[in-house]
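Listed here are the chains, written in short residue letters.
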Amino acid sequence: MCLGVPGEIIAIEDAGSLTAVVEISGVRRSVNLACVLAEGVPPESLLGQWVLVHVGFAMSLIDAEEARKTLELLAELQNLAAAGDPEVRD
Amino acid sequence: MKYVDEFRDPEHARRLLAEIASRMASPALQARLPIRIMEVCGGHTHSIFRYGLEALLPEGLELIHGPGCPVCVLPRERVDDCLAIAAQPDVILTTFGDAMRVPGSRQSLQQAKAEGADVRMVYSPLDALQIARDNPDKRIVFFGLGFETTMPATAITLQQAAREGLGNFFLLCHHITIVPTLRALLDDDDVHVDAFIGPGHVSMVIGREPYAFIAEAYHKPFVISGFEPLDILQSILMLLNQLHEGKAAVENQYRRVVSAAGNAQAQQAVAEVFEPRERSAWRGLGEIEHSGVRLTSTYAAFDAERAFALPSQVVADPPDCRCGEVLKGQMRPQACPLFGSRCTPSHPMGALMVSSEGACAACFQYQRMDA
């Protein structure tokens, strides 16, 4: 029920009603931007931004830097393991 | 898919599982087995069963599948209310697909539709609003349900309806809030949970602060988690690290989506449109104070509870149902006498068999071989 899927804002459909076209796994659909646009920020500024979409609304701007850091942490675990494993070291 | 595939990498998963096993082997944790971790959200329950994560975890580490599946905890009398509305000749009743299959006391909305009621599945509440614009001679009722994740979408749709002055659009509101229910579980002496995997998408709306009491007053670690297998495994490791160190804090594994303060615009829309109800009924758990919302008086004209006569008669669950015990972690789904025989996803008797996010339905779908 709280399912959310990442998608990329590829066009602004109607700046008045704050709707954008978001591509989700190759499928394009209309998504409302009211929850991710601070007042006074033009919708066009979000072109190319990835968002988390839930029941037709963009609910969060996905933070690419935070995603990278989480993956880096996981990769570090991997490297630590490799360094500590004699078979790999040999 | 970007932001999904990289969080399913099996090599990283193996490494995380090795770390979890090594952390579990520490004397501090071995002294307090079993370690019981509740995943609050039905989305996590679904991922855990879909990827078979439970079977990969070391012995002594148990996952308890919590109450975060709004469709599962929807009381049957609420479905009866929807059916009474849908039986009116000039009504189109709209709701999410998940809600269509929930059994009421006599039938589900899907069955009512098959018998001729105008019940339509929508992907978004905005779709229901469009149906209202397109059918000015009908009354369009959106049955809105879900946690804080979904509430802002309903709130913004109502704000839009008010702006347009639509007189034929109504909301039957069954939005519920997860925090009072977590508190009720923590206060329940029968519930034994050491730590929580926190709901990622509820948190993207409400932020971290509402959970602070869980760490401060109840001393339970709480990690807000994403929904991919690596997210869940990393969250489990973070919880075990806290338990190992004797710490209890609210941490955020799902930083790419969840900010500390949550979503300000969404919170503002919710605060304008909804107010807390005194109490709300949860199937399998009973009534919990301040665990749901209704429309504020400003939006009274859109309130289906005022516009329609509703039966709202409490319907008890079948006496054999053990959903409450499963929800509290006192019983595994397969141990229920109805599981897989009289209660299946196509003919659910109990709440947890209704949605694919319910513990029993997820278990039935992915683990039938082990059952």
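Report on the accompanying structure. Note that the coordinates shown come from a computational prediction; the quantities given were computed from them, not determined experimentally.

### Looking at the interface of chain B and chain A
Part 1 of the reasoning: Across the contact, 44 residues belong to chain B and 36 residues belong to chain A.
Part 2 of the reasoning: Overall, the association of chain B and chain A removes approximately 3,500 Å² of surface from exposure, summing both partners, and the carbon and sulfur fraction of that is 68%.
Part 3 of the reasoning: When the buried surface of chain B facing chain A is broken down by residue, Tyr3, Tyr123 and Arg256 of chain B rank first, second and third, together holding 18% of it.
Part 4 of the reasoning: A per-element tally of the side of chain B that touches chain A places helix α1 (residues 10–24) of chain B first, with five residues.

### Some details on the pattern of salt bridges
Residue and element names in this part refer to chain B.
Part 1 of the reasoning: Using the criterion set out here, one finds 23 salt bridges over all chains in the structure.
Part 2 of the reasoning: Residue Glu287 pairs with Arg279 through a salt bridge whose shortest N-O separation is 3.8 Å.
Part 3 of the reasoning: The partner of Asp303 in a salt bridge is Arg306, with the nearest N and O atoms 3.9 Å apart.
Part 4 of the reasoning: One salt-bridge network, held together by shared partners, links Arg78, Asp81, Arg277 and Glu305.

### Structural notes on the sheet that holds strand β1 (residues 35–41) of chain B
Residues and elements named next belong to chain B.
Part 1 of the reasoning: The strand order β2-β1-β7-β8-β9 describes an open sheet built from five strands, whose pairing is parallel. With one partner strand each, in any of the chains shown, β2 (61–68) and β9 (250–252) form the two edges of the open sheet. Shown here is a sheet whose adjacent strand axes are inclined to one another by a mean of 25°, direction ignored.
Part 2 of the reasoning: The pairing of strand β7 (residues 195–199) with strand β8 (residues 222–225) spans four bridges and is parallel. Directly across from Phe196, in β8, lies its bridge partner Phe222.
Part 3 of the reasoning: Running over the sheet, helix α13 (residues 229–245) touches β1, β2, β7, β8 and β9 and is turned about 165° from β8.

### Looking at the side chain of Thr296 of chain B
Residues and elements named next belong to chain B.
Part 1 of the reasoning: Mapped onto the fold, Thr296 is located in the loop between β13 (293–295) and α15 (304–307).
Part 2 of the reasoning: On the accessibility criterion, Thr296 (11% relative accessible area) is buried.
Part 3 of the reasoning: Excluding its chain neighbours within four sequence positions, the residues that come into contact with Thr296 are Glu272, Val273, Phe274 and Glu275.

Conventions used here
- Residues numbered from 1 in each chain as written.
- Chains lettered and ligands numbered in written order.
- Predicted model: local features only at pLDDT ≥ 70, side-chain atom pairs only at ≥ 80, totals over all residues.
- Heavy atoms only, no water.
- Contact = heavy atoms within 4.5 Å.
- Buried area = accessible area lost by both parts, 1.4 Å probe.
- Helix = DSSP H or I, 4+ residues; strand = E, 2+ residues; numbered from the N terminus.
- Salt bridge = Lys/Arg side-chain N within 4 Å of Asp/Glu carboxyl O.
- Pairing = 2+ DSSP bridges.
- Axes fitted to C-alpha atoms, helices over the stretch in contact; angles between N-to-C directions.
- Buried < 20%, exposed > 50% of the residue type's maximum accessible area, 1.4 Å probe, protein only.

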